[in-house]
Amino acid sequence: MNPNSSARRRYLQLASPLVLSVVLLAASPLTAAGPATARWPEEQRFFFDDGPGWLLSDDQRSELIAMDEADRLPWMDRFLAQDPVADTEENELATGIGRRRLLIWQEGLVTFLDDRAKVLFLHGAPLEREVIACDQTFVPLEIWRYGPKETTPALILYEPQPDWPYRLWLPMDSKRVLYGHEMEYWLEQVAELIQNGRGPRFDKRLCKQTKAVDLATGIEGLFGFRDKRPTNTQILSWVEAPASLADWASEAVRTPLPEGPGSLVVAAPEVYFPKKEGQRMVARILLRVPEESGLEVHEDNEKTELRIKIDGIVEREGELFENFHIRFQVPVEDRPRELALLMDRLLRPEDEFLIRLRIRDEIGEAEIHRAVGFRVPSEAQAEEDLPSDVVVAHGVDVEPERVPGVDSLVIIPPETDVVLGLWRVETLISGESIQKVIFLLDGKPQMTRGKPPFQAELRLGKYPTEHVVRAEGYDSEGGLIASDEVVLNQQRGQLEVEILEPRKGAVLSGTVNARASVVVPEEANLTRVDFLVNDAVVATLVKPPWQVEIEVPELAQRADISYLTVAAYLDDGTRAEDVRFLSAPEYLERVEVDLVELYTTVEGDRSLSLQREAFSIFEDGRPQEIAKFELVEDLPITVGITIDTSGSMIESISEAKTAAVDFLERIITPRDQSFAVSFANHPQLLMHRTSDVGAVETAVSSLHAVGNTALYDAVVTSLYYFRGVRGRRALVLLSDGDDTNSNIPFKDSLDYARRSGVAIYAIGLKIGVTSIGIRGKLNDLADETGGRAYFISKASELHSVYGQIERELRSQYLLAYSSDAPTEAEEFRTVEVKVKGKLKARTISGYYP
């Protein structure tokens, strides 16, 4: 006996009992032009394309392709006969090939064009597999890992089109291919509006597995590329031939196999070409199913039948041509008879095709895989007559089995953290049931839409305030199908709770309004906010406004204490709280009183040696007692940089960026924080508040000038980013002209600036003395907040101005006092600080209690 032939039979027997007859019986030669394997006999094509060929080096593949048919078979025999693990009796190569092919079939894969088949054949089942089940966000995809996350790149396998073979994702493909079309569009819109891709991650809100995809690709969203992201070379190395065939065989022979379906008996496919239809030829595929096929019979009171499902793939020139799904429901008599299953496909004459079939018993779940290659002739041919006792069945094409789409409604979040004026609410709707959408603002219905597009314009308050926008989708019968809500202007930063009402120092009882503000970290989820009176929970809220009415117990005696606690919880268990006494003994009431802090600049004070006695404080004209006094040269500071990037800045933007970066480098220490905002047609956050001054500098350096000037919106937006920040705060604002594009009028932006307590340093660039209007507005913003306005004629003077601002911010006095005004008074309180002698003090003009 020829030992090479024996080895080949040994390989074929071990390769898979499910596909044995594919090789031995379906040996139709492929002769038409196309890729090299298209001309090979089926047994040789099977070796090259369906597993073993992936074990060959590039040189071996090239050598095999160059051979003629007579030489290829002996070459394959020699390859399969080799025993790379020579110290054992078993041929691990043949056995390993068989086990890896069985693993592929048990995964339910039909074609070896599916990259999952290649990865499984080369490496076996992954150690970790995460199926990303977020159809509103991503195309179907899986993340496979074969080692630790720290050292082994993840393999991402995704479905590029519905019902197509999965592809191995490469960084060169870009991350776009992993997102659904609508999600890709929305992420791209955000990236265009927010420079450097720092827009809100809409995909993260929809899909909790987004973080896993970010980690596997090394890309945040569409454009947030990480330094240590995987490379094409690293990923492609996982689909290269193994460096050691012995190592591969030793590993493959140990491949664990889950319990798979039983095996059917079905003869090799036969193909006939009975007629032409237009320019296409009917390719009729015949499957002969013997009586002892292993099919189970479905029986009930109405019918007895066989149920067979065939999933088919048509390949042309090594690529997917089409896929199809056919179901047979065949009535049977007392016992099954031989069946002839017929399937017709319309194909091009003179082309070569390979059809792969997965044949499944829908009752007993046994299955078998079959394949046949053929060349479509130019003329029709007679088909073979079937015996009269054969049951002939024609299948019916069916849609692929997919999980039906879920009816859902999602609100597209705003492009920015701060939303002012009119906001257009847009939604993504999936499913067929939603026929009407009601839009609500803070629980109150605002608008109803009865047909697409389901969107609405909502008028918000004049100041940025936390709002809850909700959209509810109803069916034609008025039933609620799906809903979604977003929180606008949510405070972001370190988790923090501050009780706003009731005020400190008040002695209360009975029904009292309690209100709090909650700062939530970026990308964290707030689960609930509890209101407690004397440690007993009286209310739990899950969305703003964080406001409830509480009952304060009456004092039984003067020594009793009542207190309010507001506690906020994140989904990771993190907790923060604030406490406020509601009724307490007199000594505690004094402790609870707020101090008004005044960061004060003294013009002309070069020595910085003034003492407490040199200062006087007046509130609404009444003298106040100074409770705290210190020089604050080194206290931490939070600085916001807001830069005009409208079209008129085109000649100055380069110098403006350089000066701003130099300023930040000088003033920001590791204890300080900074952020950056630009504005043209609307404000844009360039970088969130951070102690990484380099990140802010990078964001500023990317600016370019184009568009109109939304100055007043920029002032309010920038000040809102100071929310939740205490201590010294300063906003440095640069603009070269008056407002042309804001939603907020100047008087409201000025009032908001008063309420913020943030010192504004306004720089007017190329604003002449005749531009009285804008010069007056910038002066007002500075004067009312304790800052200062500068007017310069050219951008090169910015370095000097920033130097002056730096020196001022590093040489201030902190004065604090306890107001003698009644605690219930809510109107604006004017403040004035005076210094003895001819020096002049500058601080905020007043505050709202």
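Residues numbered from 1 in each chain as written. Predicted model: local features only at pLDDT ≥ 70, side-chain atom pairs only at ≥ 80, totals over all residues. Heavy atoms only, no water.

Turning our attention to the nonpolar core. Counting 39 residues, the largest nonpolar core has Phe663, Val732, Leu734, Ile763, Leu798, Tyr802 and Ile805 as the members making the most contacts within it. Sorting the residues of this core by element identifies β36 (637-644), α14 (653-667), β38 (683-690), α15 (693-701), β39 (728-735), β40 (759-765), β41 (788-792) and α19 (798-809) as the ones contributing at least two each. If one sorts the elements of this core by residue count, α14 sits on top with eight residues. Apart from the residues within four sequence positions on either side, Val732 is in contact with Val639, Gly640, Ile641, Thr642, Phe663, Tyr761, Ile763, Tyr802 and Ile805. (Core = buried A, V, L, I, M, F, W, Y, C linked by side-chain atoms within 4.5 Å. Buried < 20%, exposed > 50% of the residue type's maximum accessible area, 1.4 Å probe, protein only. Helix = DSSP H or I, 4+ residues; strand = E, 2+ residues; numbered from the N terminus. Contact = heavy atoms within 4.5 Å.)

With that settled, consider the pattern of salt bridges. A full pass over the atoms with the stated rule returns 50 salt bridges. Between Lys462 and Asp748 there is a salt bridge, with its nearest N and O atoms 3.6 Å apart. Remark: Asp748 occurs in helix α17 (residues 746-756) and Lys462 occurs in the loop between β22 (455-459) and β23 (467-474); sequence separation between them is 286 residues. Note on Lys462: relative accessible area 46%, which makes it partly exposed. Residue classification places Asp748 among the buried positions, given a relative accessible area of 7%. Residue Arg470 pairs with Glu472 through a salt bridge whose shortest N-O separation is 2.7 Å. Classification of Arg470 by relative accessible area gives partly exposed; the value is 21%. Residue Glu472 is classed as buried on the basis of its relative accessible area, which comes to 13%. Via salt bridges that share partners, Arg45, Asp49, Asp50, Glu315 and Arg356 belong to a single interconnected network. (Salt bridge = Lys/Arg side-chain N within 4 Å of Asp/Glu carboxyl O.)

Taking 1.5 Å per residue, twelve residues should reach 16 Å; α19 reaches 16 Å between its end C-alpha atoms and fits that length. All buried positions along α19 are accounted for by Leu798, Val801, Tyr802, Gly803, Ile805, Glu806, Glu808 and Leu809. (Expected span 1.5 Å × (residues − 1).)

Spatially, the four strands line up as an open sheet ordered β35-β42-β32-β44, and their pairing is antiparallel. Every other strand in the sheet has two partners, leaving β35 (626-631) and β44 (840-842) as the edge strands with one partner each. Direction aside, the axes of adjacent strands within the sheet are offset by 30° on average. (Pairing = 2+ DSSP bridges. Axes fitted to C-alpha atoms, helices over the stretch in contact; angles between N-to-C directions.)

The description of an aromatic ring pair rests on the distance of the ring centres and on the angle between the ring planes. This structure, assessed with the given rule, holds 20 aromatic pairs. Seen in terms of ring centroids, Trp75 and Phe79 are 6.0 Å apart; in terms of plane orientation they differ by 5°. Their pairing is stacked. Of this pair, Trp75 and Phe79 both sit in helix α5 (residues 69-81), four residues apart, which is roughly one turn of that helix. Here the two residues Trp75 and Phe79 agree in accessibility, since each one is buried. Taking the centre distance of 5.2 Å and the plane angle of 55° together, the rings of Phe615 and Tyr813 count as tilted. (Phe/Tyr/Trp six-rings, centres within 6.5 Å; stacked < 30°, edge-to-face > 60°.)

In this section: the side chain of Thr111. If you trace the backbone, Thr111 turns up in the loop between α6 (92-106) and α7 (115-123). Owing to a relative accessible area of 4%, Thr111 belongs among the buried residues under this scheme. Here the side chain of Thr111 touches Glu315 through a polar contact of 2.6 Å, side chain to side chain. Aside from chain neighbours lying at most four places away, what touches Thr111 is Ala117, Pro165, Ile313, Glu315 and Arg356. (Polar contact = N/O pair within 3.5 Å; in protein donor to acceptor, adjacent residues only side chain to side chain.)

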